[in-house]
Amino acid sequence: MIYADHAATTKISTAARDTMLQTMDQFWGNPSSLHTLGQKAQEVLQASRSTVARLIGANMKEIYFTSGGSEADNQAIYSAAFLGAKKGKRHIISTTIEHHAVLHSLEALKRQGYDITLVPVDESGIVKVDDVVAAIREDTALVTVMFANNEIGTIQPIGEIGALCRARGILFHTDAVQAAGHLHIDVKDMNIDLLSLSGHKFHGPRGVGALYARSGIPLTSLIEGGAQERGKRAGTEDLPAIAGMATALEEACRDLEKNTDYVRNLRDTLIAGLSRISHSALNGDSTRRLPGNVNFCFEGIEGEALLLLLNAKGIAASSGSACTSGSLDPSHVLLAIGRPHEVAHGSLRLSLSEHNTPEEVETMISAVAETVTYLRNMSPVWSALLKGEKNYVIQ
Ligand SMILES: *Cc1c(COP(=O)(O)O)cnc(C)c1O
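Predicted, not measured: the structure shown is a model, and the values here were computed from it.

A. Structural detail: the site of the ligand. Around the ligand sit 13 residues in total, of which Ser70, Asp175, Gln178, Ser198 and Lys201 are the nearest. One nitrogen or oxygen atom from the main chain of Gly69 is found 2.8 Å from an oxygen atom belonging to the ligand. One nitrogen or oxygen atom from the side chain of Ser70 is found 2.7 Å from an oxygen atom belonging to the ligand. Alone, the ligand offers 380 Å² of accessible surface; in the complex the protein occludes 87% of this.

Written out as structure tokens, the structure reads:
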């Protein structure tokens, strides 16, 4: 099987798995217990916190472990919203291409009386800083813009948005789930107040993530109970997962430049190969995108059919984000960059990592080209296009 769905999840690294097993075997005490076994576990917990903090330029007291990226996004957004409401500020700015963990949190706040502005992105999938500035009001409490998009991989101008929010005293959150371990992050340099990351997107374990909250920003608990995570996230810590995530992030950041060079090369070869298919188009900016992200639209076919046939050929891909697959709605991200519905349905995401090889990329190029031709030969839409009864959207 060729695995090209790293934006959905990644295989755990050997080092991260070893850390998890060692933690389970040796540090299985409850970090809240006062005996030696508990205190040993507490040490592992704090060492993991310090590692994660260091790798994003934070202090360890600013890191809260969560059950993953979704929980971190929810907690960041609710916390900022409640802080704003205390000062009579109930306006939040975000973008049209956020992950559902952000968009659905914002919808829930809207039902509670908050006012939400979703700033559009341009056709390259990048938000314009001026549009964010234009959306700011007296009562804006929070700006939340993702670091890099999970579907089309586009990298947003986070440092610039951070600086402008800081200058105006507005809280700034970024969903950095796709960026952590893949792009350089420094929360201080980038003026980030709140940041979410998730273990399983950088070869760490599933079900664990972290929320960075700049010191002085009080979080709201989503889960009440014990005093874990400085009273902001109750529940006995999943220490093997937390320690495994710290190891994976350490490894990913250590190898970041090497992996970026290697994966970006594979990506650009794949993009060049798929661009040779007629009436195909790359989704998202060709350079300001994650090193491993490739996302195309092919006119006249259904992405789901392409995905299933590629699976039968031993290639694991995605038709968009895993969260929307199974639904008939086209991706909100592809619609946001201006793809019409019928073209947005014919999309394919291949997300690579350092585990992929140049040979796999060549296999993917020929498999996608063959499958697209096969599907087009059966497609009534394609035959209408060929006969000139319909106009091509992608030239
Ligand atoms: C995967 C992902 C999430 C959700 O993270 P989980 O740990 O799976 O809850 C949130 N945002 C983005 C951009 C993602 O890619």
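B. Representation of the pairing of strand β4 (residues 115-119) in the model. Judged from the five bridges that link them, strand β3 (residues 91-95) and β4 form a sheet pairing that is parallel. Counted as the bridge partner of Ser94 is Leu118 from β4. Regarding topology, helix α4 (residues 100-111) serves as the crossover connection from β3 to the parallel β4, and that connection is right-handed.

C. The arrangement of the sheet that holds strand β10 (residues 293-298) in detail. If you walk across this open sheet you meet the three strands as β9-β10-β12, and the pairing is antiparallel. Two strands lie at the open edges of the sheet, namely β9 (280-282) and β12 (347-351), each paired on one side alone. Sheet twist, expressed as the average angle between the axes of neighbouring strands with direction ignored, equals 25°. Where β9 and β10 come together, three bridges link them in antiparallel fashion.

D. Region of the structure containing the sheet that holds β4. Taken in spatial order, the seven strands line up as β2-β8-β7-β6-β5-β3-β4 in an open sheet, and their pairing is mixed. Each of the sheet's edge strands pairs with one partner strand only, and the pair in question is β2 (63-66) and β4. Between one strand axis and the next, the sheet turns by 20° as a mean value, whatever way the strands run. Sheet topology places strand β6 (residues 171-175) next to strand β7 (residues 194-198); three bridges connect them, and they run parallel. Looking across to β7, one finds that His173 is bridged to Leu194. Packing against the sheet, α4 makes contact with β3, β4, β5 (140-144) and β6, and its axis sits at approximately 155° to β3. Strands β5 and β6 of the sheet are contacted by helix α6 (residues 158-168), whose axis makes an angle of about 160° with β6.

Thresholds, definitions, all that
- Residues numbered from 1 in each chain as written.
- Predicted model: local features only at pLDDT ≥ 70, side-chain atom pairs only at ≥ 80, totals over all residues.
- Heavy atoms only, no water.
- Near = heavy atom within 4 Å.
- Polar contact = N/O pair within 3.5 Å; in protein donor to acceptor, adjacent residues only side chain to side chain.
- Areas by Shrake-Rupley, 256 points an atom, 1.4 Å probe, with all protein chains shown as cover.
- Pairing = 2+ DSSP bridges.
- Helix = DSSP H or I, 4+ residues; strand = E, 2+ residues; numbered from the N terminus.
- Right-handed = clockwise from strand over helix to strand, strands pointing away.
- Axes fitted to C-alpha atoms, helices over the stretch in contact; angles between N-to-C directions.
- Contact = heavy atoms within 4.5 Å.

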